[in-house]
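The lines below spell out each chain.
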Amino acid sequence: MNGGALVAQVLERHGVRFLFTLCGGHISPILVESKRRNIRVVDTRHEATAVFAADAVARLTGIPGVAAVTAGPGVTNAVTALENAKLAQSPLVLLGGATATVLKGRGALQDIDQLSLMAPLCKWVGTASRARELPDKLTEALYVAQEGVPGPVFLECPVDLLYDAEVVRSWYEARSKPGKKASIGEQVQAAYLRWHTRWLFSGSDDVKLPTAPAREPVLPGGGEVRRTAEHLARAQRPVLVVGSQALTEAAEAGELAHAIEHLGVPVYLTGMGRGLLGANHALQMRHERRKALREADLVILAGVPADFRLDYGAQISRQAFLVAANRSLDELYKNRRPQVAVHADPGRFIRLLSQAMPATGGTRWEAWREQLHDRDGAREEEIARMAEHPTEAVNPLALCREIERVLDNDSVLVADGGDFVATASYVVRPRGPLRWLDPGAFGTLGVGAGFALGAKLVHPNAEVWVLWGDGSLGYGLAEYDTFVRHGLPVIGVVGNDACWMQIAREQVEILHDDVGCTLRRSDYHVAAEGLGAAGLLVKSFAEVPAALQRAKELSRQGRPVLMNVHLGATDFRKGSISM
């Protein structure tokens with residue numbers, strides 16, 4: 001039994017359906033053995049894409065996503081994607097190849113101190129020194145990735161544990177230079193390598209796969225729920241903000257949505273929370289969150305830290321009664337100390353709070369909800385007017401409104417970019433829970449191709465849309481080759497304004513120079529065609545409706561599509577740069 005087979009058996013036992021990778025000799029047995037066990041092996045054109053794809057699978061399913069990369073540069077290429085998963089709190093396992101155990105630290109190809117590199121990025125790092133250790137190590141890694149605050153873990157798999165013992169023995173015999181003229185030193189070396197090979201694989205045929213310990217999200221205390229319910233019952237202007245961490249238990253999204261409906265509190269949804277209540281639910285508010293938080297007399301942050309996205313807590317009135325629920329103790333107290341601090345799973349907290357509150361038939365806080373709805377409506381009208389403003393090419397707001405009009409109810413939306421994508425977030429509405437993917441707190445560009453890859457595999461019958469800025473597309477354009485090879489008809493829309501607009505808008509005004517910000521209106525659609533996909537070019541809004549319908553048709557026919565839309569400049573997001 002080789003180590004690659006042991007790894008694949010553990011993945012199969014834990015319900016892992018996809019293994020993302022960029023191949024390398026250090027990890028080949030893991031890939032081959034996984035395929036033999038009907039785990040779909042999906043190879044990408046960059047290691048970061050493989051990790052982003054695993055991240056997407058984790059977010060959408062609640063089961064850890066798994067990627068395998070080769071030693072050295074393969075591992076270092078995954079660093080940004082790992083940090084993104086860490087800050088997004090995604091349960092992810094990265095399997096990293098490594099040099100042979102007897103060559104560690106001796107200058108072997110691609111041999112670096114991977115554990116020291118990975119330790120600051122991961123919840124847990126480990127390595128195996130014998131094949132029989134791999135199942136226990138991997139089982140622990142899968143458990144730790146999900147336990148408590150989810151996040152990435154790293155398991156190093158030395159190459160001589162993964163291949164068959166006979167293959168490894170042949171490598172070491174070649175190094176020992178056997179023969180009649182062998183020196184005493186060579187004979188000693190050969191004897192040691194024979195013993196070492198036996199030690200590497202001893203007991204591996206008799207390994208019993210371990211059972212992962214039961215994992216249950218931490219529940220809040222009854223006193224915390226009661227105290228919140230008492231204050232909520234007295235509140236006149238409550239606001240609930242639900243973030244990604246409340247959706248950590250992905251299978252429970254429907255129960256969380258039902259609990260929010262029962263509470264009747266006006267809610268703002270962020271990150272993976274977008275779409276939780278559908279596209280047009282009466283409780284969901286979309287605009288002017290800052291004003292609502294400043295006017296609220298009670299605010300509940302469910303899986304949302306008071307970081308830069310809430311102006312480090314300054315958006316919340318100091319007179320408001322603040323309740324925060326978070327798995328992370330650090331995030332629970334970040335920048336603002338809540339009156340009720342619930343160190344537990346925020347989704348479970350909202351569900352228990354709902355049970356503690358009586359049903360009111362939707363009459364409670366009706367006037368407050370109407371006030372927020374009126375404000376939302378005014379903002380929607382303003383956006384509609386701005387979408388009609390003429391620009392030298394396609395008005396980005398008008399494009400986003402048309403995308404919103406044609407989305408299917410089962411669509412999954414992937415956001416990868418700056419100005420264009422942030423504009424889309426004001427207009428395009430996810431149709432249901434776990435149907436929106438964005439980088440999260442790290443704001444990483446380049447997530448789009450990997451996220452789309454993972455989303456299409458999880459939801460093969462859904463339309464998967466990637467909204468790209470022309471800057472961020474540069475990180476993932478080559479992955480159209482991946483989409484084509486694996487038969488994944490993703491629909492990509494690139495907002496091509498020939499600029500890193502989110503940066504340029506402020507840089508030019510403040511520093512009077514656009515250095516480093518200008519791009520070309522490149523023919524990205526032609527590049528996609530060269531990789532085997534379908535490409536569409538749009539230069540005016542009159543072409544947009546037909547192009548979107550054509551993109552949908554091509555996707556239904558099984559072809560990945562890239563729609564290259566030339567955008568005009570607007571001031572819609574002027575002054576929106578984050579610090």
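The residue numbering used here restarts from 1 in each chain and proceeds along that chain's sequence as written. Note on the predicted model: pLDDT of at least 70 is required for a residue's local features to be given, and 80 or more for side-chain atom pairs to be given and counted; whole-chain, interface and lining totals, by contrast, use all residues. Excluded from the side-chain calculations are hydrogens and water; all other atoms, namely the structure's heavy atoms, are used.

(A) Examining the overall build of the chain more closely. Helix and strand labels come from DSSP, where a helix needs a run of H or I of at least four residues and a strand needs a run of E of at least two; each type is numbered from the N terminus. Scanning the chain from N- to C-terminus turns up 24 helices and 17 strands. Its C-alpha atoms give the chain a radius of gyration of 26 Å, near enough to 25 Å, the size a compact globule of 579 residues would have. Dimensions of the chain, computed from the C-alpha atoms along their principal axes, are close to 95 × 60 × 45 Å. By residue count, 59% of the 579 residues in the chain fall in the buried class. Computed with a 1.4 Å probe, the accessible areas rest on the Shrake-Rupley method; for each residue, only the protein chains presented here act as cover. Carbon and sulfur atoms make up 51% of the accessible area of the chain, which amounts to about 23400 Å² in all. Every radius of gyration here is taken over C-alpha atoms, with the globule rule written as 2.2 Å times N^0.38, N being the number of residues. Exposure is judged per residue with a 1.4 Å probe applied to protein chains only, and the accessible area is read against the type maximum: over 50% gives exposed, under 20% gives buried, and values in between give partly exposed.

(B) Inspection of the sheet that holds strand 17 (residues 561-566) at higher detail. Pairing within the open sheet is parallel, and its 6 strands lie in the order 13-12-14-15-17-16. Where the open sheet ends on each side, the last strands, each with one partner, are strand 13 (436-437) and strand 16 (534-538). Strands are labelled as partners when DSSP assigns at least two bridges between them. Note that strand 12 (residues 412-416) and strand 14 (residues 464-469) share 5 bridges and pair parallel. Residue Ala 415 lies in a different strand from strand 14, and its bridge partner there is Leu 467.

(C) The arrangement of the packing of helix 17 (residues 396-406) against helix 24 (residues 544-556) in detail. One can describe the packing of helix 17 onto helix 24 by two numbers: an axis separation of 10 Å at closest approach and a directional angle of 45°. Comparing the axis directions of helix 17 and helix 24 gives the class oblique. Helix 17 and helix 24 meet at a crossing whose hand is right-handed. For the pair formed by helix 17 and helix 24, the contact residues are Leu 399, Glu 402, Ile 403, Arg 405 and Val 406 on the first element and Val 544, Pro 545, Leu 548, Gln 549 and Lys 552 on the second. The axes used here are C-alpha line fits, helices contributing only the stretch in contact, and every angle between their N-to-C directions lies in the interval 0 to 180 degrees. Oblique is the label for any angle not under 35 degrees, not over 145, and not in the 65 to 115 range, which are roughly parallel, roughly antiparallel and roughly perpendicular in turn. For any pair of crossing helices, the crossing counts as left-handed if the nearer helix is rotated counterclockwise from the farther one by less than a right angle, and right-handed if it is rotated clockwise. Whether two residues touch is decided by their heavy atoms; if any such pair falls within 4.5 Å, the residues are in contact.

(D) Quick look at the packing of helix 17 against helix 18 (residues 419-427). Running from N to C, helix 17 and helix 18 point in directions that differ by 50°, and their axes come no closer than 9 Å. By the angle between their directions, the pair helix 17 and helix 18 is classed as oblique. In this structure, the crossing between helix 17 and helix 18 has a hand that is right-handed. For the pair helix 17 and helix 18, contact is made by Pro 396, Leu 397, Leu 399, Cys 400, Arg 401 and Glu 404 and by Phe 420, Thr 423, Ala 424 and Val 427, respectively. By residue class, the composition of the contact of helix 17 with helix 18 is 7 nonpolar, 1 polar and 2 charged. Note on residue classes: Ala, Val, Leu, Ile, Met, Phe, Trp, Tyr, Cys and Pro are nonpolar, Asp, Glu, Lys and Arg are charged, and everything else, Gly too, is polar.

(E) Spotlight on the sheet that holds strand 3 (residues 65-69). Here 6 strands make up an open sheet; going across it, the order is 2-1-3-4-6-5 and the pairing parallel. On the outer flanks of this sheet lie strand 2 (40-43) and strand 5 (124-127), each paired with one strand and no other. The average undirected angle you get between the axes of adjacent strands in this sheet is 20°. The pairing of strand 1 (residues 18-22) with strand 3 spans 3 bridges and is parallel. Within strand 3, the position partnered with Leu 22 by the bridge is Val 69. Packing against the sheet, helix 2 (residues 28-36) makes contact with strand 1, strand 2, strand 3, strand 4 (92-98) and strand 6 (152-158), and its axis sits at approximately 150° to strand 1.

(F) Seen up close, the pattern of salt bridges. We define a salt bridge as a contact between a side-chain nitrogen of Lys or Arg and a carboxyl oxygen of Asp or Glu at a distance within 4 Å. According to the stated counting rule, one finds 28 salt bridges in the structure shown. Between Glu 249 and Arg 327 there is a salt bridge, and its shortest N-O distance comes to 2.9 Å. A residue pair is termed long-range when its members are at least 10 positions apart, and Glu 249 in the loop between strand 7 (238-242) and helix 12 (253-263) and Arg 327 in the loop between strand 10 (321-326) and helix 14 (329-332) qualify at 78 residues. For the pair formed by Glu 249 and Arg 327, the shared burial category is buried.

(G) Structural detail: the nonpolar core. The biggest cluster of nonpolar side chains holds 107 residues, and the ones touching the most others in it are Phe 20, Leu 94, Val 242, Ile 260, Leu 276 and Ile 350. At 9 residues, the largest contribution of residues to this core is made by helix 3 (residues 47-61). Nine residue types can take part in a nonpolar core, namely buried Ala, Val, Leu, Ile, Met, Phe, Trp, Tyr and Cys, and a core is a set of them joined through side-chain atoms within 4.5 Å. Grouped together as the second largest cluster of nonpolar side chains are 39 residues, Ile 30, Ala 141, Val 144 and Tyr 163 included.

(H) Main features of the environment of Ala 367. Assignment of secondary structure puts Ala 367 in helix 16 (residues 366-387). As for Ala 367 and Val 427, which are separated by 60 residues in sequence, their C-alpha atoms are 25 Å apart.

(I) Main features of helix 12. All buried positions along helix 12 are accounted for by Ala 253, Leu 256, Ala 257, Ala 259, Ile 260 and Leu 263. The buried residues of helix 12 occupy an angular sector of 160° when the element is viewed end-on, so they sit on one face. Considering only its buried residues, helix 12 is in contact with helix 11 (222-234), strand 7, strand 8 (267-269) and helix 15 (346-356). Backbone geometry just after helix 12 places Gly 264 at a positive phi near 75°. Starting at the helix axis, one direction is taken to each C-beta atom, and the arc is that of these directions.

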